[in-house]
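# Working through the structure, step by step
Now for the letters of each chain:
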Amino acid sequence: MTEIINLLLALSQEIKDLKARIELLKESRAERLKGMWMDNQDVMQLLHISQRTLQTLRSNGTIPYSRIRGKFYYKVDDIDELLQDNYYNQNFKCDGSK
């Protein structure tokens, strides 16, 4: 019985260690992406939008971009800011309280 408890405790600790490693990988990935650029295809896949919708977001100034030889590029930080600025949670009032 003691052996099973020890195995469960060891397994629990390994799960905690894996969770901590996953969190570190997520954070480091986000840090690596900061300051990087994405093209049309990447942004359309990330936001699940069509080429026309992306064009509209550019045209109305919703999303900043750079254009080189007819190809459009977007900063990852700008995409993240767009998502953060438009974040809505119906369970919270405008002042952040429930």
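Figured I'd write up the structure that's included with this text. (Residues numbered from 1 in each chain as written. Predicted model: local features only at pLDDT ≥ 70, side-chain atom pairs only at ≥ 80, totals over all residues. Heavy atoms only, no water.)

### Looking at the overall build of the protein
Within the protein, the regular secondary structure consists of 4 helices and 3 strands. What you see in the protein, going N to C, is helices and strands ordered as α-β-α-α-β-β-α. The 98 residues of the protein split such that 15% are buried. Look at the contacts in the protein between residues 6 or more apart in sequence, and 49% of them connect residues 24 or more apart. Of the accessible surface of the protein, which amounts to about 8500 Å², a share of 54% is contributed by carbon and sulfur atoms. (Helix = DSSP H or I, 4+ residues; strand = E, 2+ residues; numbered from the N terminus. Buried < 20%, exposed > 50% of the residue type's maximum accessible area, 1.4 Å probe, protein only. Contact = heavy atoms within 4.5 Å. Areas by Shrake-Rupley, 256 points an atom, 1.4 Å probe, with all protein chains shown as cover.)

### With respect to the packing of helix H2 (residues 40–47) against helix H3 (residues 51–59)
For any two helices packed against each other, one specifies the crossing angle of their axes together with the interaxial distance. At a minimum axis distance of 10 Å, the contact between H2 and H3 shows a crossing angle of 105°. With respect to their mutual orientation, H2 and H3 come out roughly perpendicular. Note on element contacts: H3 touches H2 through Gln51, Leu54 and Arg58, opposite Asn40, Val43 and Met44. (Axes fitted to C-alpha atoms, helices over the stretch in contact; angles between N-to-C directions. Parallel < 35°, antiparallel > 145°, perpendicular 65-115°, else oblique.)

### A short note on the nonpolar core
Counting 11 residues, the largest nonpolar core consists of Met38, Val43, Met44, Leu47, Leu54, Leu57, Ile63, Phe72, Tyr74, Val76 and Ile79. Elements with a minimum of two residues in this core: H2, H3, strand S3 (71–75) and helix H4 (76–85). If near-sequence neighbours (up to four positions away) are discounted, Leu57 is found in contact with Ile49, Thr62 and Ile63. (Core = buried A, V, L, I, M, F, W, Y, C linked by side-chain atoms within 4.5 Å.)

### Side note on a negative patch on the surface
Taken together, the side chains of Asp77, Asp80, Glu81 and Asp85 make up a negatively charged region of the molecular surface. When you line up the elements, Glu81 lands in helix H4. (Patch = residues over 30% accessible without salt bridge, like charges linked within 9 Å, V, L, I, M, F, W, Y side chains within 5 Å. Salt bridge = Lys/Arg side-chain N within 4 Å of Asp/Glu carboxyl O. Lys, Arg positive; Asp, Glu negative; His and termini not counted. Charge placed at Lys NZ, Arg CZ, Asp CG, Glu CD.)

### Here we look at unusual backbone geometry
If you check the backbone angles, His48 has positive phi at about 55° while not being a glycine. By the element assignment, His48 lies in the loop between H2 and H3. Despite not being glycine, Arg69 has its phi angle at roughly 50°, a positive value.

### Some remarks on the packing of aromatic side chains
Per the stated rule, a full pass over the model turns up 1 aromatic pair. Ring geometry for Tyr65 against Phe72: centres 5.3 Å apart, planes inclined by 70°, an arrangement best described as edge-to-face. Directly above the ring of Tyr65 sits Arg58, whose terminal nitrogen or CZ lies 5.9 Å from the centroid. Of note, Arg58 hangs over the ring of Phe72, and the distance from its end group to the ring centre comes to 3.7 Å. (Phe/Tyr/Trp six-rings, centres within 6.5 Å; stacked < 30°, edge-to-face > 60°. Lys NZ or Arg CZ within 6 Å of the ring centre and 35° of its normal.)

### What about the side chain of Arg58?
With respect to the helices and strands, Arg58 occurs in helix H3. Ignoring any residue separated from it by four or fewer positions in sequence, one finds Arg58 in contact with Asn40, Ile63, Tyr65, Phe72 and Tyr74.

### Section: H3
Every buried residue of H3 is accounted for by Leu54, Leu57 and Arg58. Looking straight down H3, one finds its buried side chains confined to an arc of 100°; they lie on one side. Across H3 from its buried face, at more than 90 degrees, point the exposed residues Arg52 and Ser59. Contacts made by the buried residues of H3 are with H2 and S3. Just downstream of H3 lies Gly61, where phi reads positive at about 80°. (Arc of directions from axis to C-beta.)

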